[in-house]
Amino acid sequence: MITPAGAECPYYFADYHRGRNKQECRLIDRTPDGGKWTPDHCSRCRIPRIAMANACPNLVLEAKARSGLLGLVKRVDVSARCTRSLETVKVPEIGCGLCHLPLNPEVRTEEQD
Ligand code: SF4
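Residues numbered from 1 in each chain as written. Predicted model: local features only at pLDDT ≥ 70, side-chain atom pairs only at ≥ 80, totals over all residues. Heavy atoms only, no water.

### Quick notes on the overall build of the protein chain
Per the secondary structure count, the protein chain includes three helices and four strands. The helix and strand sequence of the protein chain, counted from the amino end, reads β-β-α-α-β-β-α. Considering the protein chain as a whole, with its 113 residues, one finds that 30% of them fall into the buried category. In the protein chain, 47% of the contacts between residues at least 6 apart in sequence involve partners at least 24 apart. Of the roughly 7900 Å² of accessible surface on the protein chain, a fraction of 52% belongs to carbon and sulfur atoms. (Helix = DSSP H or I, 4+ residues; strand = E, 2+ residues; numbered from the N terminus. Buried < 20%, exposed > 50% of the residue type's maximum accessible area, 1.4 Å probe, protein only. Contact = heavy atoms within 4.5 Å. Areas by Shrake-Rupley, 256 points an atom, 1.4 Å probe, with all protein chains shown as cover.)

### Some details on the site of the ligand
Inspection of the region around the ligand gives Thr3, Cys9, Tyr12, Cys25, Trp37, Cys42, Cys45, Ile47 and Pro48 as its neighbouring residues. The site holding the ligand turns out to be the largest cavity. Along the lines of polarity and charge, the residues of the shell around the ligand split into eight nonpolar, one polar and no charged. (Near = heavy atom within 4 Å. 1 Å grid on protein atoms, 1.4 Å probe; cavity = no way out; pocket = protein on both sides within 12 Å on 5 of 7 lines; lining within 4 Å. Sits in = over half its atoms within 2 Å of the grid points. Nonpolar A, V, L, I, M, F, W, Y, C, P; charged D, E, K, R; others polar.)

### Quick notes on the side chain of Lys74
Tracing the chain through its elements places Lys74 in strand E4 (residues 74–82). Buried and unpaired, Lys74 has Asp40 as its nearest opposite-charge partner, separated by 5.0 Å. Those residues in contact with Lys74 that lie beyond four places of it in its chain are Thr38, Asp40, His41, Arg44, Arg66 and Ser67. (Lys, Arg positive; Asp, Glu negative; His and termini not counted. Salt bridge = Lys/Arg side-chain N within 4 Å of Asp/Glu carboxyl O.)

### Here we look at the pairing of strand E2 (residues 22–25)
As paired strands, strand E1 (residues 12–15) and E2 are joined by four bridges and run antiparallel to one another. Residue pairing for E2: Ala14 is matched across the bridge by Gln23. (Pairing = 2+ DSSP bridges.)

### What about the pattern of salt bridges?
Side-chain pairs of opposite charge can arise whenever the charged atoms involved come near each other. Counted under the stated rule, the structure contains seven salt bridges. A salt bridge links Asp33 to Arg66, with the nearest nitrogen and oxygen atoms 3.7 Å apart. Of this pair, Asp33 sits in the loop between helix H1 (26–30) and helix H2 (47–53) while Arg66 is found in strand E3 (residues 59–67), placing the two residues 33 residues apart along the sequence. Exposure remark for Asp33: the relative accessible area of 58% places this residue in the exposed category. Where salt bridges share partners, they join Lys22, Glu24 and Arg26 into one cluster.

### Digging into a nonpolar patch on the surface
Where nonpolar side chains cluster on the molecular surface, the patch consists of Leu69, Leu70, Leu72 and Val73 and spans about 510 Å² of accessible area. A relative accessible area of 66% places Leu72 in the exposed class. (Patch = residues over 30% accessible without salt bridge, like charges linked within 9 Å, V, L, I, M, F, W, Y side chains within 5 Å.)

### Concerning the environment of Glu93
One can find Glu93 in the loop between E4 and helix H3 (105–112). According to the relative accessible area criterion, Glu93 is buried, its value standing at 18%. In this view, Glu93 contacts Arg46, Arg49, Ile50, Ala53 and Asn54; residues no more than four positions away in its chain are not counted. A polar atom in the side chain of Glu93 sits 3.4 Å from the side chain of Arg46. (Polar contact = N/O pair within 3.5 Å; in protein donor to acceptor, adjacent residues only side chain to side chain.)

### Some remarks on the packing of aromatic side chains
Evaluation of the coordinates by the stated rule reveals one aromatic pair. Aromatic side chains Tyr12 and Trp37 sit 6.2 Å apart centroid to centroid with 55° between the ring planes, which places their arrangement in the tilted category. Here the residue Tyr12 occupies a position in strand E1, and Trp37 occupies one in the loop between H1 and H2, the gap between them amounting to 25 residues. The exposure classification of Tyr12 matches that of Trp37, with both residues buried. (Phe/Tyr/Trp six-rings, centres within 6.5 Å; stacked < 30°, edge-to-face > 60°.)

In structure tokens form, the structure reads like this:
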């Protein structure tokens with residue numbers, strides 16, 4: 001679904017059917033201590049970019065809604081884990097590197113020849 005910031009996000013949900021006015025972030029809602037989400041958070045969130053760059057089924061994302069001084073500046077803190085390597089994934093857009101290893105050196109040699 002398209003977020004208020006204009007990005008496709010698999011965790012955004014909105015329902016305006018028959019007078020309803022419901023918006024939610026299902027990722028922040030399910031993250032322990034995820035904080036209070038508002039639609040403003042979407043404009044500063046990396047999750048749509050991560051979801052587009054990395055579709056690994058072993059990647060588990062968590063997001064926490066945070067607000068700066070006086071609640072004016074919103075941000076989303078993102079963390080990621082891999083259920084296969086059991087490591088924290090530092091760059092979720094790329095992954096931990098276990099499933100998606102660099103090309104086999106022999107394949108690389110054939111392509112380069
Ligand atoms: S805050 Fe991030 S994860 Fe949540 S709905 Fe908005 S873009 Fe998606």
